[in-house]
Amino acid sequence: MGATELDRIDLTLLAELQRSGRLTNAELAERVHLSASACLRRVQRLERDGVIAGYRAEVDPERLGLGLQAFVRVQLKSHDAERIDAFARQVNDWPEVVTCHALTGDMDYLLHVMVRNLEHFSRFLLDKLLAQADVDDVNSSFVLRTVKRAQGWVLGE
């Protein structure tokens, strides 16, 4: 499926929704200078076309007791489809893994991990990740502070 054709108003709608997804349709329409009905039709089209993939709450991990974040690079021993699928299924079962990206280069995956503390990370690493028979190498980096957090990334021109 190719990219959806978006005009300036669509991009503005997306930027406003990413900034504040709880806007009413009337508030959104006012911000983008459309009538409420035209605004609603555009948002519904963006949803139908899959440009807007969903709505969710942004949660503060520290308020949930998840004070330690790490990025973990993983290299597998082998790369046959069955083992790759098995690793992907396993990663999806681990609540500590927030995101997992398949990579090019010397490492196969990048995991974004959120845990309570260093002990929790150690248990995750030893009992879950390294317990996988097909994991060959792991390299971890801990987040010291977040310099920029995604607030919306719709690119204009």
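Preceding this section is the structure that the text describes.
In what follows, the accompanying structure is described. Keep in mind that this is a model prediction, so the values were computed, not measured.

### Focus: the nonpolar core
Ranked by internal contacts, the top residues of the largest apolar core, which has 18 residues, are Val72, Val74, Phe87, Leu111, Val113, Phe121 and Leu129. Listing elements by their share of this core, those giving two or more residues are β1 (68-76), α4 (81-93), β3 (109-115) and α5 (118-129). By residue number, the principal contributor to this core is β1, which donates five residues. Those residues in contact with Val72, other than ones at most four positions away along the chain, are Tyr109, Leu110, Leu111, Val113, Phe121, Leu129, Val138, Asn139 and Ser140. Listed in part, the twelve residues of the second largest apolar core include Leu13, Leu23, Leu28 and Val43.

### As for the layout of surface pockets
By volume, the largest pocket is sized at about 1,500 Å³. Along the wall of the largest pocket there are 38 residues; nearest its centre are Gln18, Arg56, Glu58, Ala150 and Trp153. Contributing elements (two or more residues each) for the lining of the largest pocket: α1 (8-19), β1, β2 (97-102) and β3. No other element matches the four residues that α1 contributes to the lining of the largest pocket. Across the lining of the largest pocket, the residue classes tally to 21 nonpolar, eleven polar and six charged. Volume-wise, the second largest pocket comes out at about 190 Å³. Together, Asp60, Pro61, Glu62, Leu66, Gly67, Leu68, Gln69, Val143, Leu144, Arg145, Thr146 and Arg149 line the second largest pocket. Classifying every residue of the lining of the second largest pocket by side-chain character gives five nonpolar, three polar and four charged.

### Quick look at helix α3 (residues 36-48)
Between its first and last C-alpha, α3 extends 18 Å over 13 residues, near the 18 Å set by a 1.5 Å rise per residue. All buried positions along α3 are accounted for by Ala38, Cys39, Arg42, Val43 and Leu46. Relative to the axis of α3, the buried residues are bounded by an arc of 130 degrees and lie together on one face. Seen from the buried face of α3, the exposed residues on the opposite side, beyond 90 degrees, are Arg41 and Arg48.

### A short note on the packing of aromatic side chains
Following the criterion strictly, the structure yields five aromatic pairs and no others. Measuring from ring centre to ring centre gives 6.5 Å for Phe87 and Trp94, while their planes differ by 85 degrees; the resulting arrangement is edge-to-face. For the pair formed by Phe87 and Trp94, the shared burial category is buried. Plain terms: the ring middles of Phe121 and Phe142 are 4.9 Å apart, the flat faces sit at 70 degrees to each other, and that makes the pair edge-to-face. One end of the pair, Phe121, is in helix α5; the other, Phe142, is in strand β4 (residues 135-142), with 21 residues separating them in the sequence.

### Describing the packing of α1 against α3
A pair of packed helices is characterised by two quantities: the angle between their axes and the separation of those axes. Orientation of α1 relative to α3, taken along the N-to-C sense of each, is 80 degrees, at an axis distance of 11 Å. With respect to α3, the element α1 is oriented roughly perpendicular. Residues Ile9, Asp10, Leu13, Leu14 and Leu17 of α1 lie in contact with α3, whose contacting residues are Cys39, Arg42, Val43, Arg45 and Leu46. Partitioned by chemical class, the residues of the contact of α1 with α3 number seven nonpolar, no polar and three charged.

Rules and cut-offs
Residues numbered from 1 in each chain as written. Predicted model: local features only at pLDDT ≥ 70, side-chain atom pairs only at ≥ 80, totals over all residues. Heavy atoms only, no water. Core = buried A, V, L, I, M, F, W, Y, C linked by side-chain atoms within 4.5 Å. Buried < 20%, exposed > 50% of the residue type's maximum accessible area, 1.4 Å probe, protein only. Helix = DSSP H or I, 4+ residues; strand = E, 2+ residues; numbered from the N terminus. Contact = heavy atoms within 4.5 Å. 1 Å grid on protein atoms, 1.4 Å probe; cavity = no way out; pocket = protein on both sides within 12 Å on 5 of 7 lines; lining within 4 Å. Points joined across faces, edges and corners; volume = space filled by probe spheres on them. Nonpolar A, V, L, I, M, F, W, Y, C, P; charged D, E, K, R; others polar. Expected span 1.5 Å × (residues − 1). Arc of directions from axis to C-beta. Phe/Tyr/Trp six-rings, centres within 6.5 Å; stacked < 30°, edge-to-face > 60°. Axes fitted to C-alpha atoms, helices over the stretch in contact; angles between N-to-C directions. Parallel < 35°, antiparallel > 145°, perpendicular 65-115°, else oblique.

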